[in-house]
Amino acid sequence: MKKVMAFALATTMALSLAACGGSTSSSTAASSTAASTAASTAASGSTAAVGDANVAVFYYSFSDTYISSVRTALDAALESAGIKYQDYDGNSNQTTQNEQIDTALASGANLLIVNLVTSGSSDASSAICDKAASAGVPVIFFNRAVEEDGSEGAVLGKYENIAFVGTDAPEAGHMQGKMIGNYVLEHYDDIDLNGDGQISYAMFKGDASNVEAIYRTQYGVEDADAVLTEAGKPALVYFDSSNADKYQLDLTGNWSAQAANEYMTTNLSQYTEANGNMIELIICNNDNMAEGCISALNSAGYNLGTGEDCTTIPVFGVDATDSAQQLIADGKMTGTIKQDAQGMADAIAFLAGNAAAGKDLMDGTDSYTKDTANNLDNKIFIAYQEYAG
């Protein structure tokens with residue numbers, strides 16, 4: 001990959017506070033090791049270059065709990081590195097984000113860090129890359145896929161001076177499915193509330209087109225079934241035989257607690273222990289939806305965390321947000337898959353440090369896991385981890 005062009009002179013105008021959706025951000029979070037490394041890397045290249053950095057960071061939505069965690073960590077990392085930045089809230093609208101990018105570039109931004117609104121869209125990401133290339137500005141995409149599944153390299157392999165920091169999309173689904181399968185196998189009789197010899201589950205999907213949601217929905221069940229059937233147990237059974245999709249979808253695409261709560265509240269009005277058809281397992285694409293389900297369960301007298309006179313329905317999510325970790329500690333939630341917000345922010349900050357020093361964007365990144373299957377050295381994967389408290 002060619003060297004990124006050096007950052008603009010220190011007199012480059014700061015981003016306008018009035019920019020559409022923009023907000024000045026600060027954080028008192030402790031500096032990460034990677035952020036410190038980024039600062040020293042930039043300083044060793046050119047002390048003046050750090051001060052010249054004028055970074056625009058675009059988030060698909062400030063309201064997403066996991067993204068908020070990344071934002072807090074990244075703000076702190078950039079501040080530790082002495083890199084000037086401004087955050088923008090896309091508010092789940094790609095048109096809004098595109099307009100914000102135009103404004104930022106016109107205001108002198110010399111690095112774009114982008115959490116794409118329309119996940120897995122080569123058209124959306126290419127449009128951003130074209131704008132950045134015309135301005136001679138590098139782009140770091142993160143968290144949300146920049147290409148359609150099966151089209152790896154269509155964008156990341158085409159443009160110079162771009163990178164991606166995120167996760168290997170199928171990994172969370174595989175990990176969640178195995179975690180669920182092993183837990184159900186160990187607690188089968190307790191989970192089988194109606195004693196019919198099979199486990200009835202509900203699935204909550206965050207976004208119909210998001211590749212992470214697609215794989216989590218698929219493998220969260222498939223891999224659990226593989227564990228169960230190998231041990232001689234029946235596969236999981238979706239609670240509503242009339243639903244061919246075998247999931248309930250957040251129609252807003254926001255993976256929200258509210259959507260899951262509304263679905264689960266309705267479910268619990270029809271599926272009960274008394275009727276012998278109670279939902280016995282809940283699988284969610286993220287922790288927000290898991291929290292919504294738990295709230296509905298609490299209202300119906302389940303998952304109270306008291307350990308007395310109540311039944312706990314196993315609930316699994318993804319992200320390991322602070323609130324989900326607390327629910328697990330309280331005995332209200334069973335497990336989740338940690339999506340490392342700090343690790344993602346650290347990697348982004350490291351690349352930003354390279355850019356600030358006028359180095360190749362991927363300089364010094366050999367220790368990171370890359371998308372070697374598609375020969376994409378500029379695509380960094382942050383590993384998932386199981387979390388059960």
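Above this text is the structure in question.
Presented here is an overview of the structure given in this document. (Residues numbered from 1 in each chain as written. Predicted model: local features only at pLDDT ≥ 70, side-chain atom pairs only at ≥ 80, totals over all residues. Heavy atoms only, no water.)

**Thoughts on the overall build of the chain**
For the chain, the helix and strand inventory stands at 12 helices and 15 strands. Split into buried and exposed, the 389 residues of the chain put 56% on the buried side. Sequence separation of at least 24 residues holds for 75% of the intrachain contacts in the chain that already meet a minimum separation of 6. Total accessible area on the chain stands at roughly 15,200 Å², and carbon and sulfur atoms take up 47% of it. (Helix = DSSP H or I, 4+ residues; strand = E, 2+ residues; numbered from the N terminus. Buried < 20%, exposed > 50% of the residue type's maximum accessible area, 1.4 Å probe, protein only. Contact = heavy atoms within 4.5 Å. Areas by Shrake-Rupley, 256 points an atom, 1.4 Å probe, with all protein chains shown as cover.)

**Some points on the pattern of salt bridges**
For side chains of opposite charge, pairing can occur when their charged atoms come near one another. With the rule as written, the count across this model stands at five salt bridges. With a shortest N-O distance of 3.2 Å, Asp87 and Arg71 are connected by a salt bridge. With a gap of 16 residues between them, Asp87 in strand E3 (residues 84-89) and Arg71 in helix H3 (residues 65-80) connect regions that are remote in the sequence. The class of Asp87 is buried, set by a relative accessible area of 0%. For Arg216, the salt bridge goes to Glu212, with nearest N and O atoms at 3.4 Å. Of this pair, Arg216 and Glu212 both sit in helix H8 (residues 211-230), four residues apart, roughly one helical turn. For the residue pair Arg216 and Glu212, the accessibility class agrees, reading buried in each case. (Salt bridge = Lys/Arg side-chain N within 4 Å of Asp/Glu carboxyl O.)

**Comments concerning the packing of H3 against helix H12 (residues 341-356)**
Relative orientation and spacing of two packed helices are given, respectively, by the angle between their axes and the distance between those axes. Between H3 and H12, the shortest axis-to-axis distance is 8 Å and the interhelical angle comes to 40 degrees. The angle between H3 and H12 falls in the class oblique. The handedness of the crossing between H3 and H12 is right-handed. Facing Tyr66, Ser69, Val70, Ala73, Leu74, Ala77 and Leu78 of H3, the residues of H12 in contact are Ala341, Gln342, Met344, Ala345, Ile348, Ala349 and Ala352. Looking at the contact of H3 with H12 residue by residue, the classes come out as 12 nonpolar, two polar and no charged. (Axes fitted to C-alpha atoms, helices over the stretch in contact; angles between N-to-C directions. Parallel < 35°, antiparallel > 145°, perpendicular 65-115°, else oblique. Left-handed = near helix turned anticlockwise from the far one by under 90°. Nonpolar A, V, L, I, M, F, W, Y, C, P; charged D, E, K, R; others polar.)

**Here's the deal with the nonpolar core**
Core analysis: the biggest nonpolar cluster contains 87 residues, and Val165 and Ile282 have the highest contact counts within it. Built from parts of two domains, this core gets at least three residues from each of domain 1 (26-166 + 340-383) and domain 2 (170-339). Once you skip the residues sitting within four places of it in the chain, Val165 turns out to touch Ile140, Phe141, Phe142, Asn143, Met344, Ala347, Ile348, Leu351, Ile380 and Ile382. If you look at the next biggest cluster of nonpolar residues, it comprises 24 residues, including Leu105, Ile128, Val146 and Val155. (Core = buried A, V, L, I, M, F, W, Y, C linked by side-chain atoms within 4.5 Å. Domains from an automatic or database assignment.)

**Overview of helix H4 (residues 94-106)**
Here H4 is 13 residues long and its end C-alpha atoms lie 18 Å apart, about the 18 Å a rise of 1.5 Å per residue gives. For H4, the full list of buried residues reads Gln94, Thr96, Gln97, Gln100, Ile101, Ala104 and Leu105. Viewed end-on, H4 has its buried residues packed into an arc of 165 degrees, placing them on one side of the element. Taken together, the buried residues of H4 touch strand E2 (54-59), E3, strand E4 (111-114) and helix H5 (122-135). A distance of 2.9 Å separates the backbone nitrogen of Thr95 from a side-chain oxygen at the start of H4, and that oxygen is part of Asn93. The first or second residue beyond H4 is Gly108, which carries a positive phi of 100 degrees. (Expected span 1.5 Å × (residues − 1). Arc of directions from axis to C-beta. Polar contact = N/O pair within 3.5 Å; in protein donor to acceptor, adjacent residues only side chain to side chain.)

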